[in-house]
Amino acid sequence: MEFDKVVRERRSIRRYKKDDLPDSEILSLIELASHAPSSGDQQMWHFIIIKNQEIREKMSRLVSQKIDSLARQVNEKFQSDPKKIVMWFSRAPVVIAVSTFKYRTVLDNMLFKAGYSEYEVDSLRCRPDLQSIGAAIQNLLLAAHSRGYGGCWLTGPLVARPELEELLGVKPPRSLAALVALGWSDYISPPRNIRPIEEITSFIK
Ligand SMILES: Cc1cc2nc3c(=O)[nH]c(=O)nc-3n(C[C@H](O)[C@H](O)[C@H](O)COP(=O)(O)O)c2cc1C
């Protein structure tokens, strides 16, 4: 598929056919993801490919329990059901958990030595590791779309991040950054409204 078409037509897919995705195909998509740019060329991504249905259901239960516990604390009715935004992921035939680690450069260390807190350093530097992970995930989703698969990037389930990390064996210094659901798309998503170019750009000439 032509590159512009791949970029324009990719959509988040949240319903999948039951069919399995061959491991070789998943690995090939991740290989393409791994060509993304990364801060300091650290390539700090790691991809856990979860095909096991029991584990996917356990993940879903952990997220559901966390949302229930939050709802009890907040004790307020929200317009849309927060579970709807996230709970569908366990029905995807493949869920990829993407983890990262914080890469500290000489600039970060200068800031630390100058007395900045970890929170302040992260606010100033805008988490280059997470930006790198985002680039890799976008590569993965575009590659998936160009081969006829559907996928969706998820961060909603990370409300239960510590619980998911324990289940999946993600240990410090690594932390979970996102999930990607993947499968054979069960539908075609219509084009969405894209903000006009003049609204999202400005020149300084
Ligand atoms: C960082 C990030 C987090 C997202 N988290 C979720 C999520 O938790 N659940 C979900 O259903 N979609 C999630 N999405 C998908 C967005 O809702 C989707 O990209 C957006 O609505 C635009 O639609 P499109 O991807 O079909 O073009 C996420 C996307 C990004 C980039």
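Placed above this text is the structure.
Treat the numbers as computed from the prediction; the structure is a model and nothing was measured.

Caption draft 1: The overall build of the chain, seen in detail. Within the chain, the regular secondary structure consists of nine helices and four strands. Starting at the N terminus and ending at the C terminus, the chain contains elements arranged as α-α-β-α-α-β-α-α-α-β-α-β-α. Across its three principal directions, the C-alpha atoms of the chain cover 55 × 50 × 40 Å. The burial tally for the chain puts 27% of its 205 residues in the buried class. Taking the intrachain contacts of the chain between residues at least 6 apart in sequence as the baseline, contacts between residues at least 24 apart amount to 86%.

Caption draft 2: Structural context of the packing of helix H5 (residues 106-113) against helix H6 (residues 118-125). Running from N to C, H5 and H6 point in directions that differ by 140°, and their axes come no closer than 10 Å. The angle between H5 and H6 falls in the class oblique. Of the two possible hands of crossing, H5 and H6 adopt the one that is right-handed. Taken together, the residues of H6 that come into contact with H5 (itself represented by Asp108, Leu111 and Phe112) are Val121, Leu124 and Arg125.

Caption draft 3: Region of interest: the site of the ligand. The environment of the ligand is made up of Arg11, Ser12, Arg14, Ile85, Val86, Cys152, Trp153, Leu154, Thr155, Gly156, Ser189 and Arg192. Counting residues per element, the ones that place at least two in the shell around the ligand are helix H4 (82-86) and strand E3 (149-154). Per element, the largest residue contribution to the shell around the ligand is three residues, and it comes from E3. The class makeup of the residues in the shell around the ligand is five nonpolar, four polar and three charged.

Caption draft 4: How the structure looks around unusual backbone geometry. For the bond running from proline 172 to proline 173, omega is 10°, close enough to zero to count as cis. Summarising the element assignment, proline 173 is placed in the loop between helix H8 (161-168) and strand E4 (174-184). Phi is positive for arginine 127, close to 40°, though the residue is something other than glycine. Within the secondary structure layout, arginine 127 lies in the loop between H6 and helix H7 (128-146). We classify arginine 127 as partly exposed; it has 17 C-beta atoms within 10 Å.

Caption draft 5: Representation of the environment of proline 191 within the structure. If you trace the backbone, proline 191 turns up in the loop between E4 and helix H9 (197-200). Taking the number of C-beta atoms within 10 Å as the measure of exposure, proline 191 has 8 and is therefore exposed. Between the alpha carbons of proline 191 and histidine 46 there is a distance of 31 Å; along the sequence they are 145 residues apart.

Caption draft 6: Representation of the environment of glutamate 9 within the structure. Turning to its location among the elements, glutamate 9 is positioned in helix H1 (residues 3-9). For glutamate 9, a count of 14 C-beta atoms within 10 Å translates into the label partly exposed. Measuring from C-alpha to C-alpha, the distance between glutamate 9 and serine 146 comes to 9.2 Å, with 137 residues separating the pair along the chain.

Caption draft 7: Representation of the sheet that holds E3 in the model. With antiparallel pairing, the four strands of this open sheet are ordered in space as E1-E2-E4-E3. Looking at strand neighbours, the two that pair on one side only are strand E1 (46-50) and E3, the edges of this open sheet. Looking at each pair of strands side by side, their axes are set apart by 25° on average, direction ignored.

Cut-offs applied
- Residues numbered from 1 in each chain as written.
- Predicted model: local features only at pLDDT ≥ 70, side-chain atom pairs only at ≥ 80, totals over all residues.
- Helix = DSSP H or I, 4+ residues; strand = E, 2+ residues; numbered from the N terminus.
- Buried ≥ 20, exposed ≤ 12 C-beta atoms within 10 Å, placed from the backbone.
- Contact = placed C-beta atoms within 7 Å.
- Axes fitted to C-alpha atoms, helices over the stretch in contact; angles between N-to-C directions.
- Parallel < 35°, antiparallel > 145°, perpendicular 65-115°, else oblique.
- Left-handed = near helix turned anticlockwise from the far one by under 90°.
- Near = placed C-beta within 6 Å.
- Nonpolar A, V, L, I, M, F, W, Y, C, P; charged D, E, K, R; others polar.
- Pairing = 2+ DSSP bridges.

Geometric values such as these leave the question of function open.
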